[in-house]
Amino acid sequence: NSFVVRTNTCGELRSAHVGQKVTLYGWIQYQRQGLFLVLRDFQGLTQIIIPQDEAHSHVKKLLFDAPVESVVRVTGIVSPRPPGQENPKMPTGDIEVKAETAEILNFCKKLPFEIKDFIKKSEALRMQYRYLDLRSFQLQHNLRLRSRVVMRMREYLCNLHGFVDVETPTLFKRTPGGAKEFLVPSREAGKFYSLPQSPQQFKQLLMVGGLDRYFQVARCYRDEGSRPDRQPEFTQIDIEMSFVDQTGIQRLIEGLLQYSWPEERGSITAPFPSMTYEEALAEYGTDKPDTRFGMKIVDVSDVLRLSDIQFVQNALSYPRGTIRAICIPQGVRYLKNKDLESLKESAKLQFNQEIMEIIRRPDGSLKSLLTKLLGEKQQLELIQALNVQVDDVVLLAAGEHKQVCSALGSLRLLSASLLEAAGLALRDPTAFHFLWVVDFPLFVPKAENPTELESAHHPFTAPHPSDASLLYSDPTKVRSQHYDLVLNGNEVGGGSIRIHSAEQQRFVLEKVLKEDSEVLSHLLEALESGAPPHGGIALGLDRLISLIVDAPSIRDVIAFPKSFRGRDLMANAPDYVTPEELEPYHIQVSWPLEEKEAKKN
């Protein structure tokens with residue numbers, strides 16, 4: 001209550017305050033028949049008793065006539081609630097304030113929705129009236145928790161470990177590789193700035209400049225179009241260090257998260273477990289495994305290798321051919337036939353992967369098209385390999401390793417959601433399972449042209465020391481010194497040890513990625529000027545906070561988010577500008593015909 005005219009907030013009064021005269025400011029949450037109202041501010045609720053005597057008739061009329069959500073000042077005496085009228089659900093439920101004077105500071109018009117968390121509102125409406133939605137308890141809680149976590153992170157990095165908080169430019173130039181960037185026109189004809197998708201180059205240049213330890217709560221921009229649960233502008237905790245290795249970065253981040261972790265979410269244990277990219281793909285079918293539950297992918301190639309089944313032999317004839325399966329516990333009991341069909345359809349549509357189901361009957365036998373082609377010994381080996389119990393359902397896939405694992409990884413998550421919807425608890429929403437994923441490939445084939453390579457992450461990632469020589473002979477086999485931090489199946493951070501040799505960086509850009517290195521001439525020159533070995537990481541703050549508070553979307557932890565299509569529904573941005581405003585930037589808009597007609601009308 002420092003610097004302001006109130007004596008207390010609406011959430012702090014208790015029995016110990018009885019008899020005190022207090023002045024409260026807030027919004028009218030609701031009013032009941034002119035007898036009392038509930039006043040709300042950022043900290044909580046307080047019940048205000050409206051005086052009924054003639055001497056205070058003006059106060060009664062004022063508060064009775066004030067619409068819900070009007071802003072008021074109330075001065076009165078804290079009193080205990082009458083016996084039996086206490087409200088144990090309210091922190092202030094043992095007291096009430098008997099109003100003596102009041103003032104309406106601002107009347108509220110009729111609002112498009114009530115400011116109550118249990119009132120259902122469409123997300124579009126919430127975003128259109130975000131300044132109202134921010135009054136909700138949940139958003140207030142999320143944003144305040146976010147602020148506390150960031151403050152603790154600053155303390156840990158700057159006060160305890162000597163990091164320097166540096167702001168880097170927002171107007172920059174195009175970076176090769178990575179996500180698509182937003183362009184900003186300049187007054188020089190044909191020349192554009194780019195909004196950085198991360199401060200990647202700047203933080204490396206700060207290491208060349210000798211800052212040793214850099215950190216920033218960084219705003220980043222990616223023009224990713226309509227991608228679910230992504231934002232065109234987002235925030236990351238950006239970190240870079242000189243003279244560090246992968247283990248050093250990992251221990252730093254584990255300590256950072258332990259120090260800043262909200263007490264009400266329990267404690268987290270370090271060091272976090274680690275697995276390689278290949279292990280994650282083979283066991284979970286994804287590079288961001290949710291390790292809160294089992295249902296791991298199991299390789300059953302050896303069990304079926306000696307069979308005469310045609311599709312099995314076809315699959316195993318591929319260079320990386322495999323037969324793999326997942327076992328859905330109690331699938332017969334919890335999943336309907338249409339659920340199993342939808343799972344198989346999903347694998348077909350998304351991965352072009354056929355799936356075969358196997359059910360274990362109450363008598364212990366297997367029911368499947370496959371079992372007719374298998375001997376009793378092979379069926380028993382299959383049951384043992386997958387630990388199949390009565391009423392379990394097995395989903396089996398055959399084909400190329402990555403395709404099979406990716407399809408089964410997707411079905412594992414879909415199955416878990418179906419089981420939970422049917423009442424089987426699998427993933428504990430209060431559990432936080434952190435995991436490091438390491439040893440990613442340095443390069444991957446381009447989707448549009450598989451004969452060409454692109455960086456799996458970005459072109460500044462250093463090759464794994466054991467694979468450095470392969471960079472020049474067979475770059476497809478090179479592992480990187482990249483590491484991802486995964487929490488409950490979500491990527492919440494990623495980083496790498498960087499290339500600090502100009503010669504190696506130039507080779508990667510020109511020979512492997514076929515990029516024009518001239519775009520990065522400033523960085524290459526810097527690397528030739530005594531660049532120290534360095535590495536770093538960025539934590540996705542929006543995603544991390546949304547997981548901590550169990551929010552359904554990252555939009556619920558951002559004060560003013562964009563919509564699914566990247567629009568600001570409140571201010572209606574982006575918006576049109578006039579030809580006169582575009583003239584200094586040497587830009588003319590070429591309108592599609594239908595939009596021309598719409599603008600005329």
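Residues numbered from 1 in each chain as written. Predicted model: local features only at pLDDT ≥ 70, side-chain atom pairs only at ≥ 80, totals over all residues. Heavy atoms only, no water.

### Section: the sheet that holds strand β22 (residues 534–540)
Selection rule: Between any two strands, at least two bridges found by DSSP are needed for them to pair. Helix and strand assignments follow DSSP, with helices taken as H or I runs no shorter than four residues and strands as E runs no shorter than two, numbered in order from the N terminus. In what follows, a contact means two residues having at least one pair of non-hydrogen atoms within 4.5 Å. Angular values range over 0 to 180 degrees, each being the angle between N-to-C directions of two axes fitted as lines to C-alpha atoms, with helices fitted over their stretch in contact.
Taken together, the 8 strands give an open sheet; going across it, the order is β6-β9-β10-β22-β21-β20-β17-β11, and neighbouring strands pair in mixed fashion. Because the sheet does not close on itself, it has two edges, and the strands there are β6 (164–165) and β11 (274–276). As judged from the 5 bridges shared by strand β17 (residues 434–438) and strand β20 (residues 482–487), these two strands associate in the antiparallel manner. Residue pairing for β20: Trp436 is matched across the bridge by Leu485. On top of the sheet, helix α4 (residues 137–160) reaches β6, β9 (213–221), β10 (233–242) and β22; it is set at about 150° to β9, its chief contact. Each of β9, β10 and β22 touches helix α5 (residues 200–208); the most contacted strand, β10, lies at about 25° to it.

### What about the domain arrangement of the protein?
Let me state the cut-off plainly: Just so you know, the domain bounds were taken from an automatic or database domain assignment.
What the domain assignment reports for the protein is domain 1 (15–106), domain 2 (141–275 + 434–556) and domain 3 (293–422). Here the C-alpha centroids of domain 1 and domain 2 sit 51 Å apart.

### Points about the packing of aromatic side chains
To be explicit about the condition: Centre distance within 6.5 Å is the pairing criterion for rings of Phe, Tyr and Trp, where only the six-membered ring of Trp is used; planes under 30 degrees apart are then read as stacked, over 60 as edge-to-face, and the remainder as tilted. Type-normalised accessible area, obtained with a 1.4 Å probe on protein chains alone, sets the label of each residue: buried when under 20%, exposed when over 50%, and partly exposed for intermediate values.
The final tally for this structure, using the stated rule, is 11 aromatic pairs. Look at Phe113 and Tyr129: their rings are 6.5 Å apart centre to centre, the planes differ by 75°, and that puts the pair in the edge-to-face class. Separated by 16 residues along the polypeptide, Phe113 in the loop between β5 (95–106) and α2 (123–128) and Tyr129 in the loop between α2 and α3 (130–133) bring together distant segments of the chain. A residue is classified by how much of its surface remains accessible, and Phe113, at 8% relative accessible area, is buried.

### As for the layout of surface pockets
As a reminder, the rule being used: Buriedness of a pocket was judged along seven lines, with at least five required to meet protein on both sides within 12 Å; pockets are open sets of points on a 1 Å grid over the protein atoms alone, cavities are sets where a 1.4 Å probe fits but cannot get out, and lining residues have an atom within 4 Å of a point. Grid points are joined across faces, edges and corners, and a volume is the space filled by probe spheres set on the points. Residue type decides the class: Asp, Glu, Lys and Arg count as charged, Ala, Val, Leu, Ile, Met, Phe, Trp, Tyr, Cys and Pro as nonpolar, and the leftover types, Gly among them, as polar.
The calculated volume of the second largest pocket comes to roughly 830 Å³. In terms of lining residues, the second largest pocket is bounded by 30 residues, among which Arg40, Asp41, Gly44, Leu45 and Phe137 are the most central. Listing elements by their share of the lining of the second largest pocket, those giving two or more residues are β1 (21–32), β2 (36–41), β3 (44–49) and α4. Looking at the lining of the second largest pocket, the element that brings in the most residues is β1, giving 5 residues. A class-by-class count of the residues in the lining of the second largest pocket yields 12 nonpolar, 9 polar and 9 charged.

### Section: α5
Counting buried residues along α5, 8 of its 9 residues qualify, which places the element largely inside the surrounding structure. For α5, the complete set of buried residues consists of Gln200, Gln201, Phe202, Lys203, Gln204, Leu206, Met207 and Val208. Where α5 terminates, the next one or two residues include Gly210, which has phi positive at roughly 85°.

### Description of empty space enclosed by the protein
One pass over the full model with this rule turns up 1 cavity of 30 Å³ or more. Of the pockets and cavities examined, the largest cavity occupies roughly 60 Å³. Lining the largest cavity are Met127, Arg130, Phe560, Pro561, Lys562, Asp568, Leu569 and Met570. Residues belonging to the lining of the largest cavity are distributed by class as follows: 5 nonpolar, no polar and 3 charged.

### Details of the nonpolar core
Selection criterion: What we call a nonpolar core is a set of buried Ala, Val, Leu, Ile, Met, Phe, Trp, Tyr and Cys residues that are connected through their side-chain atoms within 4.5 Å.
If you look at the biggest cluster of nonpolar residues, it comprises 50 residues, and the most contacted ones within it are Ile239, Ile253, Leu257, Phe434 and Leu485. Looking at which element gives the most residues to this core, the answer is α4, with 6 residues. In terms of nonpolar packing, the next biggest core, distinct from the first, is built from 21 residues, Val300, Val312, Leu316 and Ile383 among them.

### Looking at a nonpolar patch on the surface
Test applied: The patch calculation keeps residues exceeding 30% relative accessible area without a salt bridge and links them within 9 Å when they carry like charges or within 5 Å when they are nonpolar (Val, Leu, Ile, Met, Phe, Trp, Tyr). Shrake-Rupley sampling with a 1.4 Å probe provides the accessible areas, and residues are treated as covered by the protein chains on show and by no other component. Basic side-chain nitrogens of Lys or Arg form a salt bridge, by our definition, when they fall within 4 Å of a carboxyl oxygen of Asp or Glu.
A surface patch of nonpolar side chains, amounting to about 310 Å² of accessible area, comprises Tyr131, Phe560 and Met570. Relative to the helices and strands, Phe560 resides in the loop between α17 (541–548) and α18 (579–582). Judged by relative accessible area, which is 48%, Phe560 ranks as partly exposed.

### Notes on the pattern of salt bridges
Per the counting criterion, the structure on display carries 39 salt bridges. The partner of Lys21 in a salt bridge is Glu100, with the nearest N and O atoms 3.7 Å apart. Of this pair, Lys21 sits in strand β1 while Glu100 sits in strand β5; the two residues are 79 residues apart in sequence, bridging distant segments of the chain. With a relative accessible area of 55%, Lys21 lands in the exposed category.

### Brief notes about the packing of helix α11 (residues 337–351) against helix α13 (residues 401–421)
Helices that pack against each other are described as a pair by the angle of their axes relative to one another and the distance between those axes. As a reminder of what qualifies: Two helices cross in a left-handed way if the nearer one is turned anticlockwise from the farther one by less than a right angle. They cross in a right-handed way if the turn is clockwise.
Interaxial distance between α11 and α13 falls to 10 Å at its minimum, and their mutual angle equals 145°. When you trace α11 past α13, the crossing you get is right-handed. Two secondary-structure elements touch here, α11 through Asp339, Leu343, Ser346, Ala347, Gln350 and Phe351 and α13 through Gln403, Ser406, Ala407, Ser410, Leu411, Leu414, Ser415 and Leu418. Within the contact of α11 with α13, the residues separate by chemical class into 7 nonpolar, 6 polar and 1 charged.

### Things to note about the pairing of β1
On a regular strand, each side chain points to the face opposite its neighbour's, so the side chains alternate between the two faces of the sheet. Relative to strand β4 (residues 71–80), β1 runs antiparallel, the two sharing 7 bridges. Across the sheet, Thr23 pairs through a bridge with Thr75, a residue of β4. Judged from the 5 bridges that link them, β1 and β2 form a sheet pairing that is antiparallel. Note that in β2 the partner of Ile28 across the bridge is Leu39. From the end of β1 to the start of β2, which pair antiparallel, there are 3 residues, and Gln33 there has a positive phi angle of about 50°.

### Some details on the sheet that holds β5
Paired through their backbone hydrogen bonds, the strands of a sheet run either parallel or antiparallel. Strand order in the closed barrel made by the 5 strands is β1-β2-β3-β5-β4, with mixed pairing throughout. Each strand of the sheet is rotated relative to its neighbour by a mean of 55°, with strand direction disregarded. Where β4 lies against β5, 10 bridges are found, and the strand directions are antiparallel. Across the sheet, Pro80 pairs through a bridge with Ile95, a residue of β5. Where helix α1 (residues 57–65) meets the sheet, it contacts β1, β2 and β5, and its direction lies at approximately 70° from that of β5.

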